[in-house]
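Residue strings, one per chain:
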Amino acid sequence: MANYLSIEQVGVSFDTDRGPYVALRDVNLKVEKGEYISIIGHSGCGKSTLLNLVAGLLETTTGAILLEDKEVSEPGPERAVVFQNHSLLPWLSVYDNVKLAVDKVHGKTKSRAERRDWVLHNLALVGMSHAVDRKPGEISGGMKQRVGIARALAMEPKVLLLDEPFGALDALTRAQLQDKVMEIQARLGNTVIMITHDVDEAVLLSDRIVMMTNGPAATIGEILTIELPRPRNRLTLADNPTYVKARTAVMEFLYARHALNKVEAA
Amino acid sequence: MTVRTEPMPKFLAGLSGRLPTLDRAAVLRWLRRRLAAALPPLVMLALLIGLWELLCRGGNAPLPAPSQVIADTWDLISDPFFDNGGTDKGLFWQITASLSRVAEGFLISAVVGISLGVLIGQSSLAFRGLDPIFQVLRTVPPLAWLPLSLAAFQAANPSAIFVIAITSVWPIILNTAVGIRNIPQDYRNVARVLRLSGPEFFFKIMLPASVPFMFTGLRIGIGLSWLAIVAAEMLIGGVGIGFFIWDAWNSSLISEIIVALIAVGIVGYILDRLIGALGNLVAGNVKS
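This report concerns the structure included in the present document. Treat the numbers as computed from the prediction; the structure is a model and nothing was measured. (Residues numbered from 1 in each chain as written. Chains lettered and ligands numbered in written order. Predicted model: local features only at pLDDT ≥ 70, side-chain atom pairs only at ≥ 80, totals over all residues. Heavy atoms only, no water.)

It is worth spelling out the overall build of chain A at this point. Within chain A one finds 9 helices and 10 strands. For chain A, the C-alpha radius of gyration of 19 Å lies close to 18 Å, the compact-globule estimate for 266 residues. In terms of principal-axis extent, the alpha carbons of chain A reach across some 55 × 45 × 45 Å. Look at the contacts in chain A between residues 6 or more apart in sequence, and 70% of them connect residues 24 or more apart. Of the roughly 12200 Å² that chain A leaves accessible, carbon and sulfur atoms contribute 51%. Charge-centre separation for chain A: the mean point of 31 positive side chains lies 4 Å from the mean point of 33 negative side chains. (Helix = DSSP H or I, 4+ residues; strand = E, 2+ residues; numbered from the N terminus. Rg over C-alpha atoms; globule rule 2.2 N^0.38 Å. Contact = heavy atoms within 4.5 Å. Areas by Shrake-Rupley, 256 points an atom, 1.4 Å probe, with all protein chains shown as cover. Lys, Arg positive; Asp, Glu negative; His and termini not counted. Charge placed at Lys NZ, Arg CZ, Asp CG, Glu CD.)

Spelled out as structure tokens, the structure:
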């Protein structure tokens, strides 16, 4: 069987005043349907670039990305993105933000009443039923991110792309949302690609962790499979040997073998 | 550009509830705050009028003192609605005539300005092509356009309207363009992921995202229109507050000029506030 999502020999370079800058080179990754993949790496390692390529927001310079054997050439709702800073439209209510996506994606296939139910269903899924009429400015950061996730889920994407979805949240809210995402993924079986730079988050949520080397010309350094049964519980995992081993492996990759040069990092 | 409005006094807030509660302390606090806001300008006004009165009192001053102005123009002030035919009309009619020219010219410049602003905001090619031209043209003083437009239109009224439009269009174009260029990339990405069509993107994202900037431009534009109309009317004649001032000067009715200037100032202020309030209303629906 062909792979669900396949990233083949992908490279990206940008033209700059000082000649071409190679951001990514030789990236190869196969993703199975229903898999949860995390991409981790230091800042500037091109992990956002990689996500944007899958989203179709950026074009590959070399190589190709195939989703169900069709080349990705432009953005589209079958590769919905949850943006780092939620990107809700501030002039629309929570309901209308999700509705904008639902009307666009399901406008031809669902009746008005079905679309309404579908918006409310997805908001209920992320636990936001109580705030459908609020504006984004009136809800907390965690809630905004929930709405962003609801908007993406409502598009029924083939691949759900999460761009550091919990990066801007406080630790408690982050843990809550991570659990929510795990629960939703268990229920719906979404294929997910998530960018993160939080090691615990990557180990807790992922089936596989893709570790990126540092840029320029970054590429995939190592892929770690997390053999932990689901559902996973953050409390009992804390001293689970498999968890600890995976965590150490990622830390070792990031801080020993591919540590950022201190001068560059400063 | 959101303007913080004063918190609603409690007794007003109560009116929207089921039982209006009259909180005396809150009423007093509210009154005191109003008074504190109104007092300084009133005192300054009284001081300036007093100074003016002192300087211009007596027979040899070139300009009339305030008391003299009121005595000279009491007919004009007390009845703004008289109409003796021709250009001999009350202040209300003069100002209405000017306002209707401003309305026409400003409407044209709003439509043209927002369209061009969207164009140069959205297309960097159009921006590079047109922006330098706009930057030069916008420095041309309003009245410099008048002879050219008289030559083109061969009639006074369209020329005046053209001068209004050409004067007020620049800030509308430039602010709209800034608003469009400032639309966060995230919103554009959302639109791309959703595959919004051009019109959908315009109405659902571009317009709401740039409306506050557009209103900044409209507000500056309406101020410039009002500046330009008074000057243009002085030259084209007919009914209008500009020609009224010029006519008063030709008849050496200095007091009438002063009354007209005050009226021009007040109307200009009201126009500015109207557009500002409209902008806040629209932006209030937009910004959270």
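Moving on: a nonpolar patch on the surface. Nonpolar side chains collect at one region of the surface, where Leu39, Val43, Met44, Leu47, Leu48, Leu51 and Leu55 of chain B lie side by side and expose about 700 Å² of accessible area between them. Here Leu47 of chain B lies in helix H2 (residues 24–56). (Patch = residues over 30% accessible without salt bridge, like charges linked within 9 Å, V, L, I, M, F, W, Y side chains within 5 Å. Salt bridge = Lys/Arg side-chain N within 4 Å of Asp/Glu carboxyl O.)

Residue and element names in this part refer to chain A. The geometry of helix H2 (residues 94–106) relative to helix H3 (residues 112–125) is characterised by a closest axis approach of 9 Å and an angle of 125° between their N-to-C directions. In terms of axis orientation, H2 runs oblique to H3. When you trace H2 past H3, the crossing you get is right-handed. Each of Val94, Tyr95, Val98, Lys99, Val102, Asp103 and His106 in H2 lies in contact with H3, whose residues at this interface are Arg115, Arg116, Trp118, Val119, Leu120 and Leu123. (Axes fitted to C-alpha atoms, helices over the stretch in contact; angles between N-to-C directions. Parallel < 35°, antiparallel > 145°, perpendicular 65-115°, else oblique. Left-handed = near helix turned anticlockwise from the far one by under 90°.)

All names here are of chain A. Strand order in the open sheet formed by 4 strands is S2-S1-S4-S5, and the pairing between neighbours is antiparallel. Two strands lie at the open edges of the sheet, namely strand S2 (19–31) and strand S5 (70–71), each paired on one side alone. Sheet topology places strand S1 (residues 5–16) next to S2; 9 bridges connect them, and they run antiparallel. Across the sheet, residue Val10 finds its bridge partner in S2, namely Val27. Contacts from helix H1 (residues 47–55) reach S1, S2 and strand S4 (62–67) within the one sheet, and its direction differs from that of S1 by about 115°. (Pairing = 2+ DSSP bridges.)

So yeah, pure geometry; function would need other evidence.
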